[in-house]
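Structural characterization, general
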Amino acid sequence: MRSKKLKSFTSIVIVLVMLLFVLTGCSSGDKTSSEDIPKVGDLKYENTLELKYAEQFKVYNYEGGYSLIKITEGDDILIIPEGGKVPQDIEDNIIVLQQPIDDIYMVATSAMSLVSSIDGLDSIGFSCVEADGWYIEAAAEAMRQGRILYAGKYSAPDYEMLVGKNCGLAVESTMILHNPEVKEKLEELGIKVIIERSSYETHPLARTEWVKLYGVLLGKQKEAEEVFEREVSIMNELENIENTGKTVAFFYINSNGGVVTRKSDDYVPKMIEIAGGKYIFEDLGDPEKRTSTVNMQLEQFYASAKDADYIFYNSSIVSEVRSMEELLQLSPVLADFKAVKEGNVWCTGKNLFQETDKLGSVIRDMNTILTSEDESLDKLDYFFKVK
C-alpha cells in the first residue's frame, strides 16, 4: 500500500515539474530565466545563443529572425533581418542594424580573421590597417584589389571617405575609449559604432567564440559554429595530456630595453597551460586591471625568468627574431638564460594575434614544441625556432 502511494506521489511530482517547464517556457538547452530575457518591443523571445567560453557578450533570438546582442558593459545591438521592420517602442540606447550589413569600417584588428573565417569579407569596406600590415592573406588581398579601402587608423579615421562611400558601421576595439571624441564624431556623421570586448576574455577559445557574434551580425551563424567547433575539437585532443612541468617565458624587448610580458591571468598563459606547460610567472599583474601586458625592468625579469625551460619570444608588435645573435643584440643578458643555453627559444609569427579564429591551432603548436623532438617541429604554423 505504501509503495503504491509513493509511486502515485512521484508521478504527481514529475507532472508538476513538467508543467512548470511548459509554463515558464524553459527547456533543457536554454538556461536563461524569464527575468534575464530583454524585452524588445513586441518581439517574441525564442532562445539564447549557447556560449561555451565567452563571457563578454550574449545573444537573444526572437521570432522572425531578430537577434539582440548584449555586450558586457557596452552596447545593445538589435539585428533586423533583411526585409524586417524595426519594432515599435524599443529603448533609445539600442543600436539598430538592418541586414544585409555592408561597408563596415573594421578597426578591431582581432575581428578581421573571425569575419574572414566565415567568408564575410564582402561586408568589410574599410580597414584601419594598410594591406602590408595584415597577416591574414584574404584581408591583405582584398585591400590590394581595392575591395577593402584603408580609411585611417582608429584615432584618425578618414571621415570624408567613410561618409562619401556610405559606411554605416564601425567595429572598434576598446582602444577607442582613449579617443572618445572619435566615437562621438563618427556617430555625429551617422556612422554607428560597436565596441567589441573580446580582448577582455580570459580563456583563449572565448576569444575565438566571438566568431558567433559576427555570425549573427552577418547572417552566417552556421559558418560561425563550424569555425568555433573546429578549434574546440583541436583543444579537446589535448584534454588528457599530462602537464610536462616545463616552464615558459613569453615576452618581448621594447625599444627602451625593458621587458613586456603577460599577466598571469591572461589568455596566453592559459594557452601555455592547456598545451601542457607552465607559465613562469604565477602571480604577475593586477587582476583588477583590464590590461593584458606587464612592463618589467630587465633586472626584475632576469631574476624571475632566467631558469625558464622555454622562451616564446613575442614578435606580434616588434620585429621577428631569426637568430640567437639577433636575440642577444636586443639584450646580452639573455645569454645567461637556461632556455638560450639549451636552444629552446622560439619566436612567434606575425600572424599569431591576428588569427583569432585559430587559437586552438596555436595551442596545438605550443604542445608540439613542448613534447616533440622530430620533424614535426619544422611544420608549425605560428612559431619558428630561433637558431
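Above: the structure in question.
Every value quoted in this text rests on a predicted model; they were computed, and no experiment measured them.

If you check which residues of helix α10 (residues 298-305) are buried, you get L298, F301 and A305. Looking down the long axis of α10, one finds its buried residues gathered within 60 degrees of arc, a one-sided arrangement. For α10, the exposed residues set more than 90 degrees away from the buried face come down to E299 and A303.

The next thing to look at is the side chain of N344. Relative to the helices and strands, N344 is located in the loop between α12 (338-341) and β16 (345-348). Ignoring sequence-local partners within four residues, the contact set of N344 consists of D309, Y310, I311 and A339.

Here we take up the pairing of strand β14 (residues 293-296). Side-chain alternation along β14 places V294 and M296 on a buried face and T293 and N295 on a face that remains uncovered. In the sheet, strand β12 (residues 259-262) pairs with β14 via four bridges, with the strands oriented antiparallel. Note that in β14 the partner of T261 across the bridge is V294.

Here we take up unusual backbone geometry. Of note, the bond from Q99 into P100 is cis; its omega dihedral lies within 30 degrees of zero at 0 degrees. The topology assignment puts P100 in the loop between β5 (95-98) and β6 (104-106). With phi around 55 degrees, E73 is a residue other than glycine that occupies positive phi space. Inspection of the secondary structure assignment puts E73 in the loop between β3 (66-71) and β4 (76-80). With a relative accessible area of 65%, E73 lands in the exposed category.

Turning our attention to the nonpolar core. Membership of the largest hydrophobic core comes to 112 residues, with the highest contact counts inside it found for Y214, F301 and Y313. Once residues lying within four places of it in the same chain are set aside, the contact partners of F301 are A249, F251, V259, F281, M296, K306, L334 and F337. If you look at the next biggest cluster of nonpolar residues, it comprises twelve residues, including Y60, Y66, I90 and I94.

Counted according to the given criterion, the structure contains twelve aromatic pairs. For the pair F250 and F353, a centre-to-centre distance of 6.3 Å together with 90 degrees between the ring planes defines the contact as edge-to-face. Placement of F250 in strand β11 (residues 247-253) and of F353 in the loop between β16 and α13 (359-371) is noted, with a sequence separation of 103 residues between them. Judged by its relative accessible area of 1%, F250 is buried. Ring geometry for F312 against F383: centres 5.1 Å apart, planes inclined by 50 degrees, an arrangement best described as tilted. Of this pair, F312 sits in strand β15 (residues 310-313) while F383 sits in strand β17 (residues 383-385), and the two are 71 residues apart along the sequence. The exposure classification of F312 matches that of F383, with both residues buried. Members of the aromatic cluster, joined through ring pairs, are F251, Y279, F281, F301, Y302, Y313 and F337. Its guanidinium or amino end placed over the ring of Y267, R207 lies 4.0 Å from that ring's centre, counting from NZ or CZ. A cation sits over an aromatic face here: R322 above F384, 4.0 Å from the ring centre.

Each value, and the rule that gives it
Residues numbered from 1 in each chain as written. Predicted model: local features only at pLDDT ≥ 70, side-chain atom pairs only at ≥ 80, totals over all residues. Heavy atoms only, no water. Buried < 20%, exposed > 50% of the residue type's maximum accessible area, 1.4 Å probe, protein only. Helix = DSSP H or I, 4+ residues; strand = E, 2+ residues; numbered from the N terminus. Arc of directions from axis to C-beta. Contact = heavy atoms within 4.5 Å. Pairing = 2+ DSSP bridges. Core = buried A, V, L, I, M, F, W, Y, C linked by side-chain atoms within 4.5 Å. Phe/Tyr/Trp six-rings, centres within 6.5 Å; stacked < 30°, edge-to-face > 60°. Lys NZ or Arg CZ within 6 Å of the ring centre and 35° of its normal.

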